[in-house]
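So the chains spell out like this:
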Amino acid sequence: MFHLMTDPKTAEQLIAQIATGNRSALAALFEGESGRLVAIAQRLLRRRDLAEEVVQEAFITVWRQAASFDGSKGSARGWLTTIVRNRALNLLRDSARMDFEDSEKLTELGDRQADARAAYEALSIKDALRHCLGMLDASKREAVLLCYVTGLNHGEAAAFMNVPLGTVKSWVRRGTVALQECLS
Amino acid sequence: MTEGDRERIGDYVLGLLEGADLAAFEQQLASDPELRMAVERLRGHLGKLDDTVEPLPANPALWARIASELDTPVVTAAPPRAANDNRWRGFAGIAASLLVALSIGYLAGSNFGQAPQPLMVAVLLTEGSAEPAVLVEAFADDSIRLVPLELAQKPDDRVYQVWTLPDPETGPISMGIFEDPQTMRLAGPNLPAPQSGQLYEITLEPTGGSPTGRPTGPILVKGFAKTPL
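These numbers come from a predicted model, not from an experiment.

Student: Any chance you could explain the overall build of chain A here in plain terms?
Tutor: In terms of helices and strands, chain A carries 9 helices and 0 strands. Scanning chain A from its N terminus toward the C terminus, one meets helices and strands in the order α-α-α-α-α-α-α-α-α. Residues classed as buried in chain A amount to 51% of the 184 residues present. As displayed, chain A has an accessible area near 8,800 Å², and 52% of this comes from carbon and sulfur atoms.

This is the structure:
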């Protein structure tokens, strides 16, 4: 017998179907994207249960607001990433600040540096972002990566890098301005 | 685009803008398509870092939780979802009032004969310039009627969320979320009768409402309830 193979649908196509109330399209989007999104949220939140909570809320948001997705502004996968990142960061910012005197926390932060560096090194060598991050001074690159990849705020990044708050703020700002110029 | 714009784009995409700076930037974003494009461009590039994660297998138990949440009714449910339902859109005037009134089981209001008396009225003022921005009438059945007079534009990925503070121990309670500023009634959760001096405020929150159940975004407007004479 013939086995009918249909091409897997793109996230854009699925979101268009979800906007019409098609639940199996949401299930297909979950199948294709939830594992990536939970992993992204977990890298920020360090906890699987919180990461899954964030992704659960994100899929409910997608279900209700799929019609508001505008493909001319960016990709559907990017839209999903942004929803998940925003929720995870809100949760991080809302929870109690870390106590950096605590040696256990410092070990945890050590993992974050490894995460930040691993993400950078996993970028394709041909990727413009990799090239432009590579053009930054090491300290600016590290500050940008710590904040973006692991969700540290300025204060946490400053404590971790052992420099004054103002220094980290200016590294991040100068780093992201240089990135935008390099990427444009 | 100025150097300052580029700095704020970077801080915004990295999730480092907070409070008044965040509100001001989001207001600027709402009215500046070029700035929005620059934000999307940087997001698109940095998203490649997110995509370096090793995807986990899809978790069927997580899907089951999502699927069961899809089945819960939206308009009649407690906030924050009530005002966010798309059914709030696409109807005009009396039709909208009727639909909303019916869906929250409250068949009364200025369009329908005898209007109920609010127990409390609050005029919410803008945070910066203290201009009257939103009128709130609070009723005995926990519902509130909201009359926006002037409300800052919001970015596409944010919603307005209405909060009240019945008392400091309880903390802020969500009365509901909405996207289009217009006169509306929100069902509100079951709370003690509103008191004179009770705080009402509206914040900008991520799509779907505050993920923590507490205000996380900038306060746009706030005011205190007074008993009408």
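Student: Please explain the interface of chain B and chain A as it appears in this structure.
Tutor: Interfaces are often sized by the amount of accessible area the parts lose when they come together. The partner chain A presents 60 residues to the 53 residues of chain B that form the contact. The tally of links between chain B and chain A comes to 7 salt bridges. We note a salt bridge from R85 of chain A to D50 of chain B, for which the minimum N-O separation is 2.9 Å. On the surface where chain B and chain A come into contact, there are 15 residue pairs in polar contact (both at pLDDT 80 or more). Contributing elements (two or more residues each) for the side of chain B that touches chain A: α1 (3-13), α3 (33-50) and α4 (60-70) of chain B. For the side of chain B that touches chain A, the element with the most residues is α3 of chain B, which contributes 10 residues. Its residues assigned to classes, the side of chain B that touches chain A comprises 19 nonpolar, 14 polar and 20 charged.

Student: It is not clear to me how the nonpolar core should be interpreted in this structure. Could you clarify?
Tutor: Inside soluble globular proteins, nonpolar side chains tend to come together where they are buried. Counting 40 residues, the largest nonpolar core has L133 and L179 of chain A together with L46 and L49 of chain B as its most contacted members. Mapped by element, the contributors of at least two residues to this core are α5 (103-122), α6 (128-135), α7 (138-150), α8 (154-161) and α9 (165-183) of chain A together with α1, α2 (19-31) and α3 of chain B. With 7 residues, α7 of chain A is the single largest residue contributor to this core. The residues contacting L179 of chain A, other than those within four sequence positions of it, are L129, C132, L133, L136 and V144 of chain A together with L46 of chain B. Of all hydrophobic cores here, the second largest spans 38 residues; its members include L37, A51, I60 and A76 of chain A.

Student: I would appreciate a short explanation of the sheet that holds strand β3 (residues 144-148) of chain B in the present structure.
Tutor: Picture the strands of a sheet paired through backbone hydrogen bonds; they go either parallel or antiparallel. All names here are of chain B. Spatial strand order, β5-β4-β7-β8-β1-β2-β3-β6: 8 strands in an open sheet with antiparallel pairing. Across the chains shown, the open sheet's two edge strands, defined by having one partner strand only, are β5 (173-178) and β6 (184-186). Shown here is a sheet whose adjacent strand axes are inclined to one another by a mean of 25 degrees, direction ignored. Both strand β7 (residues 199-206) and strand β8 (residues 219-226) contribute to a ladder of 5 bridges, which runs antiparallel. Bridging across to β8, I202 finds its partner in V221.

Student: Mind showing me how you'd approach α3 of chain B here?
Tutor: Residues separated by three or four positions in an α-helix point in the same direction, a consequence of the helix having 3.6 residues per turn. All names here are of chain B. Given a rise of 1.5 Å per residue, 18 residues ought to cover 26 Å, and the 25 Å separating the end C-alpha atoms of α3 matches this to within 8%. In α3, a bend of some 25 degrees at G44 exceeds every other bend along the element. Among all positions in α3, only L35, A38, V39, L42, R43, H45, L46, G47, L49 and D50 are buried. Looking at where α3 begins, the residue whose side-chain oxygen comes 3.1 Å from the main-chain nitrogen of E34 is D32.

Student: Explain the packing of aromatic side chains to me, please; I cannot follow it from the model alone.
Tutor: Working definition: an aromatic ring pair is given by the centre-to-centre distance plus the angle between the planes. Residues and elements named next belong to chain B. Scanning all chains against the criterion turns up 5 aromatic pairs over all chains. Ring geometry for Y12 and F25: centres 4.9 Å apart, planes at 45 degrees, overall tilted. Of this pair, Y12 sits in helix α1 while F25 sits in helix α2, placing them 13 residues apart in sequence. Between Y160 and F178, the ring centres sit 5.1 Å apart and the planes meet at 25 degrees, which makes this aromatic pair stacked. Highlighted residues: Y160 in strand β4 (residues 158-165) and F178 in strand β5, separated in sequence by 18 residues. When sorted by exposure, Y160 lands in the same class as F178, which is buried.

Student: Explain the pairing of β5 of chain B to me, please; I cannot follow it from the model alone.
Tutor: On a regular strand, one side chain projects to one face of the sheet and the next to the other, so that they alternate. Residue and element names in this part refer to chain B. When you tally the buried positions in β5, you get 6 out of 6 residues, the bulk of the element. Summarising the sheet, β4 and β5 pair through 5 bridges and their orientation is antiparallel. Bridge assignment links V162 to a residue of β5, and that residue is G176.

Student: Would you take a moment to explain the pattern of salt bridges for this structure?
Tutor: It is possible for side chains of opposite charge to pair when their charged atoms get near one another. Residue and element names in this part refer to chain B. Taken as a whole, this structure holds 20 salt bridges over all chains when the rule is applied. Between R158 and D157 there is a salt bridge, with its nearest N and O atoms 3.8 Å apart. Taking relative accessible area as the criterion, R158 reaches 8% and is therefore assigned buried. Several salt bridges share partner residues, and in doing so they unite E26, E40, R43, D157 and R158 into one network.

Thresholds, definitions, all that
All chains use their own residue numbering, which begins from 1 and follows the written sequence. Here the convention is simple: chains get letters from A, ligands get numbers from 1, in the order in which they are written. This being a predicted model, a pLDDT of at least 70 is required before a residue's local features are given, and a value of 80 or more before pairs of side-chain atoms are given or counted; all residues contribute to the totals for chains, interfaces and linings. The basis for every side-chain value is the complete set of non-hydrogen atoms in the structure, without hydrogens or water. Put simply, DSSP H or I for four residues or longer makes a helix, DSSP E for two residues or longer makes a strand, and each gets a number counted from the N terminus. Per-residue accessibility, obtained with a 1.4 Å probe over protein chains only, is compared with the maximum for each type, and a residue is labelled buried under 20%, exposed over 50%, and partly exposed between these values. Values of accessible area rely on a 1.4 Å probe in the Shrake-Rupley scheme; residue burial ignores everything except the protein chains shown. Here, residues are in contact when the closest pair of their heavy atoms is within 4.5 Å. Any Lys or Arg side-chain nitrogen located within 4 Å of an Asp or Glu carboxyl oxygen qualifies as a salt bridge. Contacts described as polar in this section are N or O atom pairs within 3.5 Å, which, within protein, must combine one atom able to donate a hydrogen with one able to accept it, while residues neighboring in sequence count only if both atoms come from side chains. When residues are sorted by character, Ala, Val, Leu, Ile, Met, Phe, Trp, Tyr, Cys and Pro go into the nonpolar class, Asp, Glu, Lys and Arg into the charged class, and all the rest, Gly among them, into the polar class. Among buried residues, the Ala, Val, Leu, Ile, Met, Phe, Trp, Tyr and Cys ones that are joined through side-chain atoms within 4.5 Å form a nonpolar core. Two strands are counted as paired when DSSP detects at least two bridges linking them. To get an axis, a line is fitted to the C-alpha atoms, and for a helix only the part in contact is used. The angle between two axes follows their N-to-C directions and goes from 0 to 180 degrees. Here the expected length of a helix is defined as 1.5 Å per residue gap, with one fewer gap than residues. Note on bend: at a given residue it equals the angle between the axes fitted to the 7 residues ending there and to the 7 starting there. Within 6.5 Å between ring centres, the rings of Phe, Tyr and Trp (the latter by its six-membered ring) count as paired, and their orientation is classed by plane angle as stacked under 30 degrees, edge-to-face over 60, tilted in between.

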